[in-house]
Amino acid sequence: MRKNVVVIEGDGVGPEVIKQAIKALNSIGKKFFHNFIYQKLLAGSKAIETLGNPMPKETIDSCLKSDAVLFGAIGNSKYEHYPIGMRPEDGLLKLRKKMELYCNIRPIITYPKINKLFLKKQQLDNINFLIFRELTGGIYFGKKGRSKNGKAAYDCCVYSRKEIQRIGKMAFQSALSRKKKITLVDKSNVLETSRLWREVIKEMASDYPDVLLEFLYIDNAAMQIIMNPKKFDIILTDNMFGDILSDEASVLTGSLGLLPSASIGKKKSLFEPVHGSYPQAEGKNIANPLGCILSASMMLEHFGMYKEKIFLEEAVKSSIKEKICTPDIISNSSVKTEDVGDYIEKYIKNH
Ligand code: IPM
Ligand code: MG
C-alpha cells in the first residue's frame, strides 16, 4: 500500500521522537512492502517564527488531503503571553477543530518489568483500558472571555447531543471487541452538560445490550484509576476530564513517555504521543520515543495494517524486555532516544 502521511514535528522533543517513529515505519514498510510518503509541515513555535501563525493554512490543507497525520508535540512557554489564537497550543486546538478530530483514544497499558509506583505489582500487571476523550467540544471550545473591567473571567462548557452521540458510537463499537464495558465519567451531580451526556449515552446503550454501562463521577474516577485500575475497560468522557484523567492514568504505566494516542476525525485522523513538548529534554536525546512509535502503530491499525501493527508492538515490547529504555523508565539509564529507535528498526528488520 502507498500512504501519504503528513508529519508535524512541532516543538521541544517533537522532532526527536518523530525521527524514531519514521525509522520504525520505514522498517515496517520495507518488510511488508508498503510505501510511506512523508510531507513535513510546520506548526507551533517554528510556524510562529517563520510564518507568524501557529497553525498555517497550508498545514491544515495538507492534513486534510493526507491519508493520516503523524504529530510530534506542540507547546513553548516563550509564547504564553501571546494573544489568544497566536500561542502554539492554540494551533493544536485549531487543527483539532478544522480536522474535526472528535474522538481521542488513549490506551493505558502496563508492560511487565516497569513498576515505579507504590502499588503492589499484582495491582499493576495486565492493566489495559482505553480512554475515549471527546476532543472538539466542551469547555475547551466554548465562549470565553473577561468582564468589562477584566476582574472576572468565564469559559463556557457546551455539548450537543450530536457531539456526544458520535463519540459514544465509537466507544460502544470498540467495547464490542473488548471486555464489553464502558464507564462514563462525568460530574452529573453538578453539571448540566454531564446530565446530557448521561441521558444520551443511556439511550444509546439500549442498542448495545451486551455492553455493560457504568457511571462514575470524575472525582471518584480519579481515585479509582489509582486504587482499582483493573476495573476499567473503556472510559468515555468529555474533553477536560479526559485531558486530566489521561495524564493521571499514565502514571500507572510508569511513564507519560509511553502513551500514544489516536485522534479520529470525521474524514482524516491524527496520531500523536500524549507527552507534549517536554522542553527540559529538548536536544538532549533522552526523550522516550515509544509514545510516538506506538502512535505510529495506531496509525497502522487505522490503515487496516493489523499484522504490521502487532509486529511493531512486539518490537516495542522487546525493547522494554531487553531494558533498552530511556531514563524516564529506568533511572540512570544511559540509553538514548536514538538507541531505542535503532533497536526497534533492527528488530523489525531481523525478525
Ligand atoms: C493534550 C494536551 C493539550 C490539551 C494541550 C497541549 C492544549 O495537554 O493533548 O492532552 O489540553 O488537550
Ligand atoms: Mg493533556
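Structure first, text after, so check above.
Residues numbered from 1 in each chain as written. Chains lettered and ligands numbered in written order. Predicted model: local features only at pLDDT ≥ 70, side-chain atom pairs only at ≥ 80, totals over all residues. Heavy atoms only, no water.

Visitor: Please set out unusual backbone geometry residue by residue, giving values where relevant.
Guide: The phi torsion of most residues other than glycine is negative, and most of the peptide bonds are trans. With phi around 60°, asparagine 126 is a residue other than glycine that occupies positive phi space. Following the sequence through the fold, asparagine 126 ends up in the loop between helix 5 (121-124) and strand 5 (128-134). (Helix = DSSP H or I, 4+ residues; strand = E, 2+ residues; numbered from the N terminus.)

Visitor: Hey, could you go over the pairing of strand 1 (residues 2-10) for me, with residue numbers and the actual values?
Guide: The side chains of a regular strand alternate, residue by residue, between the two faces of the sheet. The buried fraction of strand 1 amounts to 7 of the 9 residues, a majority that puts the element mostly inside the structure. Two elements, strand 1 and strand 2 (residues 35-40), share 6 bridges in a ladder whose sense is parallel. Bridging across to strand 2, asparagine 4 finds its partner in isoleucine 37. Tracing the backbone out of strand 1, into helix 1 (residues 14-32) and back to the parallel element strand 2 gives a crossover that is right-handed. Direction of pairing for strand 1 relative to strand 3 (residues 68-73): parallel, over a ladder of 5 bridges. Across the sheet, residue valine 5 finds its bridge partner in strand 3, namely alanine 68. (Buried < 20%, exposed > 50% of the residue type's maximum accessible area, 1.4 Å probe, protein only. Pairing = 2+ DSSP bridges. Right-handed = clockwise from strand over helix to strand, strands pointing away.)

Visitor: Quick one: what's the story with the pattern of salt bridges, residue by residue and with numbers?
Guide: With the rule as written, the count across this model stands at 23 salt bridges. One salt bridge in this structure joins aspartate 90 and arginine 87, with 3.4 Å as the shortest N-O distance. With a relative accessible area of 18%, aspartate 90 lands in the buried category. For arginine 87, a relative accessible area of 23% corresponds to the partly exposed category. Where salt bridges share partners, they join Lys19, Lys23, Glu338 and Asp342 into one cluster. (Salt bridge = Lys/Arg side-chain N within 4 Å of Asp/Glu carboxyl O.)

Visitor: Give me the site of ligand 1: which residues, what numbers.
Guide: The full set of residues close to ligand 1 is Glu89, Arg96, Arg106, Arg133, Tyr140 and Asp243. Tyrosine 140 places a polar side-chain atom, nitrogen or oxygen, 2.5 Å from an oxygen atom of ligand 1. Out of a free accessible area of 320 Å², ligand 1 has 76% covered by protein chains. Of the residues that constitute the shell around ligand 1, the class distribution is 1 nonpolar, no polar and 5 charged. (Near = heavy atom within 4 Å. Polar contact = N/O pair within 3.5 Å; in protein donor to acceptor, adjacent residues only side chain to side chain. Areas by Shrake-Rupley, 256 points an atom, 1.4 Å probe, with all protein chains shown as cover. Nonpolar A, V, L, I, M, F, W, Y, C, P; charged D, E, K, R; others polar.)

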